[in-house]
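Each chain, letter by letter, is given below.
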Amino acid sequence: MRRNYFWPLALMIGGLILWACKKEVSREGESPGTIPSTCGYAPYTSGSTYNYETYRGETGDTNYFTVTVTGDSTINGLSYKKLSSDTATTYDRCDNGTYRQLVKGLSYMGYSVDSITSVYLKDFVPVGSSWSDTVTVKDGGVNVNVYLTYTITQKGINKRVFDLDYTEVIAVRLAAATRVLGQTISLGTLVTNYYAKDIGLIQADQAEDTTRLRSYNIQ
């Protein structure tokens, strides 16, 4: 199975399912912030393309893939941008600096996740701000809740990815926990994502691999 869970929510879902396999096992905490932005961290116009590389340090394997903005979709009366690659399709929406992504049905080794929408970025809150979501992972007929915590760890930084320098970058750490037999079990940090203004996702760091943007063409 290729590990191209690259877009923020898809990446998160992949990580959760892999963790659930290893363990065998609403939104809240709104942070105060300044005036919201105009959604510059997701400039997803139709026809835009993003070329990524995923490097798995443990094995030295490298995979390449392209994400293309293929148009608009209306879901439950709301407009989303449709982002497609060879392994996943996700739907992205931004409202005044709050970025949401929807993914439909992923499965892995008997575990599955239905259609879920999660807030993956709030670009108007300060460093240290956190917010939460809950995802339900199905193990056959058993539902397991996984509790997600997003935290802004860096903001307004410069970051070099390959030979490109990005400014006004925001880093978001995603951690997770679940409950088994009444006990809370930390799943640790699943991924740290880096978003550049006027570009989008430029890097995603997981424990076993790193995904980085090699090139892009915004229409």
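How each quantity is defined
- Residue positions are given per chain, counting from 1 as you read along its sequence in written order.
- Local features in a predicted model are, by the rule used here, given only for residues with pLDDT of at least 70; side-chain atom pairs are given and counted only at 80 or more, and totals for whole chains, interfaces and linings are based on all residues.
- Values shown for side chains rest on all heavy atoms present in the structure; no hydrogens or waters enter the calculation.
- Among the buried residues, those of types Ala, Val, Leu, Ile, Met, Phe, Trp, Tyr and Cys that are joined through side-chain atoms within 4.5 Å form a nonpolar core.
- When a residue's accessible area, from a 1.4 Å probe over protein chains only, is under 20% of the maximum for its type it is buried; when over 50% it is exposed; and in between it is partly exposed.
- Numbering of helices and strands runs from the N terminus, with a helix taken as a DSSP run of H or I at least four residues long and a strand as a DSSP run of E at least two residues long.
- Here, residues are in contact when the closest pair of their heavy atoms is within 4.5 Å.
- Salt-bridge detection follows one rule: a side-chain nitrogen of Lys or Arg within 4 Å of a carboxyl oxygen of Asp or Glu.
- Polar contacts, as counted here, are pairs of nitrogen or oxygen atoms within 3.5 Å of one another; within protein the pair requires one atom able to donate a hydrogen and one able to accept it, and residues that are adjacent in sequence qualify only if both atoms are side-chain atoms.

J.: For this particular structure, what's the right way to read the nonpolar core?
T.: Across soluble globular proteins, nonpolar side chains have a tendency to be buried as a group. In this structure, Tyr50, Tyr120, Leu121, Tyr166, Val172 and Ile202 are the most contacted members of the largest nonpolar core, which totals 44 residues. Secondary-structure elements contributing two or more residues to this core are β1 (49-56), β2 (61-75), β8 (116-122), β9 (130-139), β10 (142-161), β11 (164-180), β12 (183-196) and β13 (200-205). When neighbours within four sequence positions are excluded, Leu121 is seen to be in contact with Tyr41, Gly97, Thr98, Tyr99, Trp131, Ile152, Ile170, Val172 and Tyr195.

J.: I keep staring at the pattern of salt bridges and nothing clicks. Help me out?
T.: Where charged atoms of side chains with opposite charge meet at close range, the side chains can pair. A full pass over the atoms with the stated rule returns 7 salt bridges. The partner of Arg214 in a salt bridge is Glu53, and the shortest N-O contact between them spans 2.6 Å. With a gap of 161 residues between them, Arg214 in strand β14 (residues 209-217) and Glu53 in strand β1 connect regions that are remote in the sequence. Assessed through its relative accessible area of 8%, Glu53 is described here as buried. A salt bridge links Arg93 to Asp95; the nearest nitrogen and oxygen atoms lie 3.0 Å apart. Sharing partners across several salt bridges, the network here consists of Arg93, Asp95 and Arg100.

J.: What's the story with the side chain of Thr151 in this structure? I'm lost.
T.: Assignment of secondary structure puts Thr151 in strand β10. Among the polar contacts made by the side chain of Thr151, one reaches the side chain of Ser130 at a distance of 2.8 Å. With near-sequence residues (within four places) excluded, Thr151 lies in contact with Gly128, Ser129, Ser130, Ala171, Val172 and Arg173.

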